[in-house]
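Coordinate analysis (summary)
As a plain string of letters, each chain reads:
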Amino acid sequence: MMKFKDFSKLPKYGTAGAIENIQVGSFEECLQTDVVPEKRKLIGLEAAFGEAFPVEDIHSHLRLEYLGYEVGPLLYTPEEAIERGATYYRPVNGFFRLTRFFEPEEKGAEPRIKDVIEQKVYICDVPYITSGGSFIIHGVERVVISQLQRSPGIYFSFMKGAYSTLIVPERGAWFQIDVKTNNVLTAVFERRRKVPLFTFLRALGYVPEDLVNEFVRTRNTAPKEGLILAATVKTPDGVTLADLGDELNTELCDFLAERGVTKVKVFDEDRYGVRVLTDSIRADKSTSEDDALRRIYYKLRSVMPSTIDLAKRLVFGMLFDYRRFSLGRVGRHKLNAKLGFKRRKDLILRKDEMLAISKRLIEFAERRHPSDDMDHLSNRRVKGIGEQ
C-alpha cells in the first residue's frame, strides 16, 4: 500500500471541494431555481430582467412590467439527451404585467389606468448544467472554459509621467482621472474625452471653491507674505480682489489692506497637493452647474445639448445609472477596501465617492500610497458560468 508523507507546516483548515462545483454553483446562483420568486436576490437572470424592465412606449400609453420568472422541469436526463441527440435544457417562463393608460386630459396630469393584463409568457429554453459541470447540446457534451480576467474595481498607477486612477466597472464605460505634469486633475470619459475634473464636480452639484477643505487643511488669518489664498477674496458688492491660488506678496497685502481686508483664507499646508488643487480649480472655466453640463456634453458629443435635461441624462447616466453602469459585487468590494468605506452595497458610484477618489489620487501623486499592478494575480479573477 502506498504511503504519503505530509511536509506541510501549517494546519489544515478544510478540504478542497470538487473543482466542477465552482461552475455548478455559479450556474445555480444565476438561475436560482430553488428559490421562490419573492425571495430571489438581484443577481444573475433576476438582475438581467430587472435592468430591462419596466418598458414604456414613447407616448407613455403602455407600460410593461416584470413580475418574476419560473424555471420549468427537465425533459430528459443527461443520459437520455445524449442517446436521443437532444439538448439538456429547462424552459424559462416569465410573468409580466401590461398596463394601458387613458390619454391625459391635461398636460402633466397623472394618467388614469385603462386596463391591466397579467400573463405568463414563454421566454426560451436554457441549456442546463449537469452535475459534472458540462452542458449537452444536440447530444454532444460540452464545457465552458473560464478564463482569468481583470477584476472590476479601482486602480492607481503611474505611467508616462502621469498619475492616474482607473475605475473598471463590471458593465459600462471605464472612467479615469489623471494628473500630468501641468498639475491639473483631468476626468477622462470613454478613454479619450477629457474635461477638467472640477468641471465634472461642478456638474454634479458641487462648488469647486467649497471643496477645498475636503482635500487640504485651511485657516483664516491676516494677510502675510508667502501664504497662498485658499479662497477668492471679494468685496461686499462682489468685486474680485484676489483669486484662489494667488501667492500673497507685499503689493497684494498692501492692496488688500487698502480695501479693508483683515482676514483671508489660506492653505495651512505646503505640499504638492496644494499646487494640484489650485491649478485644477483654475482650469475649470465653467460658471454654473448648467454651464458645466453643457461643456461636458459638448466634449462627449461635439454638439451643444438641446436641453439641460438631455445633458444631465448623458453625464449622470455614464456613472450613476444602474442600467448603464455597474461596479458589480467584486468591484464594490474592491472600491470599499481601497477607499475605506464600510457597508456600502450599491453597485453604482455615489457623488461623494468622486471626492474620495480625487483626494486619494492627490495623495497617491504625493507618493503616500503604493501603486497597483493591474496584471498581478490578486487583481484577476475567474469569471463563473453564471456571470457570463
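Preceding this paragraph is the structure being described.
Moving on, we get to the overall build of the chain. What the chain contains, in helices and strands, is 11 helices and 17 strands. The globule rule puts the C-alpha radius of gyration for 388 residues at 21 Å, and the 29 Å found for the chain is more than 25% above it. In terms of overall dimensions, the chain has a C-alpha envelope of 95 × 80 × 35 Å along the principal axes. A buried classification covers 41% of the 388 residues belonging to the chain. Taking contacts inside the chain between residues at least 6 apart in sequence as the whole, the part at least 24 apart equals 58%. In the chain, the 62 positive side-chain charges and the 56 negative ones have mean positions that sit 4 Å from each other.

Right, let's talk about the environment of Leu 347 for a bit. Of note, Leu 347 is situated in the loop between helix H10 (328-339) and helix H11 (351-365). Sequence separation of Leu 347 and His 333 is 14 residues, and the distance between their C-alpha atoms is 9.7 Å. Setting aside residues up to four positions removed in sequence, Leu 347 forms contacts with Tyr 322, Phe 325, Ser 326, Leu 327, Gly 328, Arg 329 and Arg 332.

Looking now at the pairing of strand E11 (residues 185-189). Judged by how many residues are buried, E11 sits mostly within the fold: five of five residues are covered. Of the two faces of E11, the one lined by Leu 185, Ala 187 and Phe 189 and the one lined by Thr 186 and Val 188 are each fully buried. Bridging between strand E10 (residues 175-179) and E11 involves five bridges; their strand directions are antiparallel. Considered in E11, the bridge of Gln 176 is made with Val 188. Where E10 folds back onto E11 in an antiparallel hairpin, the turn is made up of five residues, including Asn 183, whose phi is positive at roughly 60°. Here E11 hands over to strand E12 (residues 193-196) after three residues, with Glu 190 in that stretch at a positive phi of 55°.

The subject of this paragraph is empty space enclosed by the protein. The gaps left among the atoms become clear once a water-sized probe is rolled over them. By the definition in use, this model includes one cavity of 30 Å³ or more. Considering only enclosed or pocket space, the largest cavity measures out at about 30 Å³ in volume. Lining the largest cavity are Phe 215, Val 216, Arg 271, Gly 273, Lys 359, Ile 362 and Glu 363. Its residues placed into classes, the lining of the largest cavity shows three nonpolar, one polar and three charged.

What follows deals with the sheet that holds strand E9 (residues 162-168). Strand pairing within a sheet occurs via backbone hydrogen bonds; the two strands may be parallel or antiparallel. With respect to topology, five strands assemble into an open sheet ordered E8-E9-E10-E11-E12, the strand pairing being antiparallel. The two strands at the open ends of the sheet, each matched to only one other strand, are strand E8 (153-159) and E12. Averaged over neighbouring strand pairs, the angle between their axes works out to 25° when direction is ignored. For E8 and E9, the ladder comprises seven bridges, and the chain directions are antiparallel. For Gly 153, the partnering residue across the bridge sits in E9 and is Val 168.

A few words now on the pattern of salt bridges. All told, the structure shown has 24 salt bridges when counted by the stated rule. For the salt bridge of Asp 291 with Arg 295, the shortest nitrogen-to-oxygen distance reads 3.1 Å. You can see Asp 291 and its partner Arg 295 sitting in helix H8 (residues 289-301), four residues apart, about one turn around the helix. Arg 295 gets classed as partly exposed once you look at its relative accessible area, which sits at 38%. Between Glu 363 and Arg 368 there is a salt bridge; the shortest N-O distance is 4.0 Å. A relative accessible area of 47% means that Arg 368 is categorised as partly exposed.

Turning our attention to the nonpolar core. Formed by 54 residues in total, the largest nonpolar core has its most connected members in Phe 175, Leu 185, Phe 189, Phe 200, Leu 349 and Met 354. Counting residues per element, this core draws most heavily on helix H9 (residues 308-320), at eight residues. If near-sequence neighbours (up to four positions away) are discounted, Phe 189 is found in contact with Phe 175, Val 195, Phe 200, Ile 296, Leu 300 and Met 318. Core analysis: the next-biggest nonpolar cluster, separate from the first, contains 19 residues, Phe 53, Tyr 69, Phe 96 and Phe 135 among them.

Glancing now at the pairing of E10. Most of E10 sits inside the fold, with five of its five residues counted as buried. Side chains Phe 175, Ile 177 and Val 179 of E10 all project onto a buried face; the interleaved residues Gln 176 and Asp 178 project onto the opposite face, where all are buried too. Two elements, E9 and E10, share five bridges in a ladder whose sense is antiparallel. Bridge pairing in E10 places Leu 166 opposite Gln 176. A loop of six residues connects E9 with E10, the two strands running antiparallel in sequence, and Gly 172 in this loop sits at a positive phi of about 125°.

Taken together, the side chains of Leu 62, Leu 98 and Ile 117 define a hydrophobic patch exposed on the protein surface, amounting to about 210 Å² of accessible area. For Ile 117, the location among the structural elements is in strand E4 (residues 113-127).

Across its 12 residues, helix H1 (residues 20-31) extends 17 Å between first and last C-alpha, which sits within 8% of the 16 Å expected from 1.5 Å per residue. Residues of H1 that are buried: Gln 23, Val 24, Ser 26, Phe 27, Cys 30 and Leu 31. Along the axis of H1, the buried residues cluster in a sector spanning 160°; they form a single face. Where H1 is buried, its residues contact helix H2 (44-52), strand E2 (62-71), E4 and strand E5 (135-137). Directly beyond the C-terminal end of H1, a positive phi value near 50° is found at Gln 32.

Definitions and limits used
- Residues numbered from 1 in each chain as written.
- Predicted model: local features only at pLDDT ≥ 70, side-chain atom pairs only at ≥ 80, totals over all residues.
- Heavy atoms only, no water.
- Helix = DSSP H or I, 4+ residues; strand = E, 2+ residues; numbered from the N terminus.
- Rg over C-alpha atoms; globule rule 2.2 N^0.38 Å.
- Buried < 20%, exposed > 50% of the residue type's maximum accessible area, 1.4 Å probe, protein only.
- Contact = heavy atoms within 4.5 Å.
- Lys, Arg positive; Asp, Glu negative; His and termini not counted.
- Charge placed at Lys NZ, Arg CZ, Asp CG, Glu CD.
- Pairing = 2+ DSSP bridges.
- 1 Å grid on protein atoms, 1.4 Å probe; cavity = no way out; pocket = protein on both sides within 12 Å on 5 of 7 lines; lining within 4 Å.
- Points joined across faces, edges and corners; volume = space filled by probe spheres on them.
- Nonpolar A, V, L, I, M, F, W, Y, C, P; charged D, E, K, R; others polar.
- Axes fitted to C-alpha atoms, helices over the stretch in contact; angles between N-to-C directions.
- Salt bridge = Lys/Arg side-chain N within 4 Å of Asp/Glu carboxyl O.
- Core = buried A, V, L, I, M, F, W, Y, C linked by side-chain atoms within 4.5 Å.
- Patch = residues over 30% accessible without salt bridge, like charges linked within 9 Å, V, L, I, M, F, W, Y side chains within 5 Å.
- Areas by Shrake-Rupley, 256 points an atom, 1.4 Å probe, with all protein chains shown as cover.
- Expected span 1.5 Å × (residues − 1).
- Arc of directions from axis to C-beta.

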